[in-house]
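These are the residues of each chain, in order.
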Amino acid sequence: MEMRRTDAANRGDLSPISPFTQFCLTSLPPIGAFSIRAESEAMDIEKEEVKPEAAPQAPTPCGCQKTHCLKLYCECFANGRYCVGCNCHNCHNLSSYEEIRTESVRQILERNPAAFRQDAATSHKACHCKRSNCIKKYCECYEDSRPCTPLCKCEGCQNMGNQ
DNA sequence: GAGTTTGAAACT
DNA sequence: CAGTTTCAAACTC
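Residue numbers run consecutively from 1 along every chain, following the written order of its sequence. A letter from A marks each chain and a number from 1 marks each ligand, given out in the order of writing. Totals for whole chains, interfaces and linings use every residue, but because this is a predicted model, local features are given only for residues with pLDDT of at least 70 and side-chain atom pairs only at 80 or more, for both listing and counting. Side-chain calculation: all heavy atoms of the structure are included, whereas hydrogens and water are not.

Student: Would you take a moment to explain the confidence of the model for chain A for this structure?
Tutor: Residues shown with low pLDDT carry predicted positions that ought not to be read at fine detail. For every residue, the pLDDT score states the predictor's confidence, bounded by 0 at the bottom and 100 at the top. Residues at a pLDDT of 70 or more form 60% of chain A, whose mean pLDDT is 74. Note that pLDDT drops below 50 for residues 1–55; the model gives that stretch 24 contacts with residues more than four away or on any other chain. Should any heavy atoms of two residues lie within 4.5 Å, those residues are considered in contact.

Here it is as structure tokens:
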């Protein structure tokens, strides 16, 4: 049900065109004038507006192509940050897309209420590796320099620290 | 840089 | 809840 509502929201139900809408449509420049480059500029603006010196440690730029950085696949989004200086395409993980972004957050929280909780993220984190033996960065435990725990469901684990 | 491999996230 | 697909990153060549 609520997912339906999302779809409707994304499509934007603008059935009746009000005089104001008509005014906007006719007075704004053609969409072609904006091009994708406009989003890059928007991103730069974002960089300036949100936190001019918020990236002292270069927070790992993402390279998302299909998800608009609105899924947990996106590290920036998963960590509750806007994308800044990333290599992503058509990024919607920006304050200028706040409505869409918030809706995506809501959906994800619906699935997993702890999705954006840092403490939960650091404490649970059980991997399910099958081929990397947990000694490559494919393994999240290994990537975080953390031994796998008995909660992990990995096979052939070589990242058990002791035992 | 292109192509492959990998496992989490998403979906059914 | 289990199996499958999608995704972006790690890795290899």
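Next, the rest of the story.
Student: For this particular structure, what's the right way to read the protein's contact with DNA strand C?
Tutor: In these notes, residues near a molecule or strand are those with any non-hydrogen atom within 4 Å of it. Neighbouring residues of DNA strand C: C62, G63, C64, Q65, K66, T67, Y73, E75, K136, K137, Y138 and E143. Among atoms of DNA strand C positioned within 4 Å of the protein, sugar and phosphate together represent 86%. The term polar contact refers here to a pair of N or O atoms within 3.5 Å; inside protein, the definition further demands a hydrogen-donor-capable atom paired with an acceptor-capable atom, and it admits residues adjacent in sequence only when both atoms are side-chain atoms. Between Y73 and DNA strand C, the recorded distance is 2.9 Å, taken from a side-chain N or O atom to a base oxygen. Here Y138 contributes a side-chain N or O atom positioned 2.6 Å from a base nitrogen of DNA strand C. In terms of residue class, the surface near DNA strand C is made up of 4 nonpolar, 3 polar and 5 charged. Gly is put with the polar residues, along with every residue not named as nonpolar or charged; the nonpolar set is Ala, Val, Leu, Ile, Met, Phe, Trp, Tyr, Cys and Pro, and the charged set is Asp, Glu, Lys and Arg.

Student: Would you mind going over the environment of G85 with me for this structure?
Tutor: Secondary structure counts use DSSP, requiring at least four H or I residues in a row for a helix and at least two E residues in a row for a strand, with both numbered from the N terminus. Within the fold, G85 resides in the loop between helix 4 (75–78) and helix 5 (98–111). A sequence separation of 26 residues divides G85 from P59, and the C-alpha atoms of the two residues are 9.4 Å apart.

Student: Explain the protein's contact with DNA strand B to me, please; I cannot follow it from the model alone.
Tutor: Lining the immediate surroundings of DNA strand B are 13 residues, of which Y73, R111, H128, R131 and S132 lie closest. Put simply, 84% of the atoms of DNA strand B that lie within 4 Å of the protein are in sugar or phosphate. Separating a phosphate oxygen of DNA strand B from a side-chain N or O atom of K71 is a distance of 3.3 Å. Here Y73 contributes a side-chain N or O atom positioned 2.6 Å from a base nitrogen of DNA strand B. Grouping the amino acids of the surface near DNA strand B by side-chain chemistry returns 6 nonpolar, 2 polar and 5 charged.

Student: Sorry, what's going on with the nonpolar core here?
Tutor: Ranked by size, the top nonpolar core spans 15 residues in total, and within it C62, C69, C74, C83 and C88 carry the most contacts. Within the residue set of this core, elements represented by two or more residues are helix 4 and helix 5. Discounting residues that sit within four places of it in the chain, C88 has contacts with C62, G63, C64, C69 and C83. In this structure, C134, C141, C148 and C154 belong to the second largest nonpolar core, which totals 8 residues. To qualify as a nonpolar core, a set must consist of buried Ala, Val, Leu, Ile, Met, Phe, Trp, Tyr and Cys residues joined through side-chain atoms within 4.5 Å. Buried, partly exposed and exposed residues are distinguished by accessible area as a fraction of the type maximum, computed with a 1.4 Å probe on protein chains only: under 20%, between the cut-offs, and over 50%, respectively.

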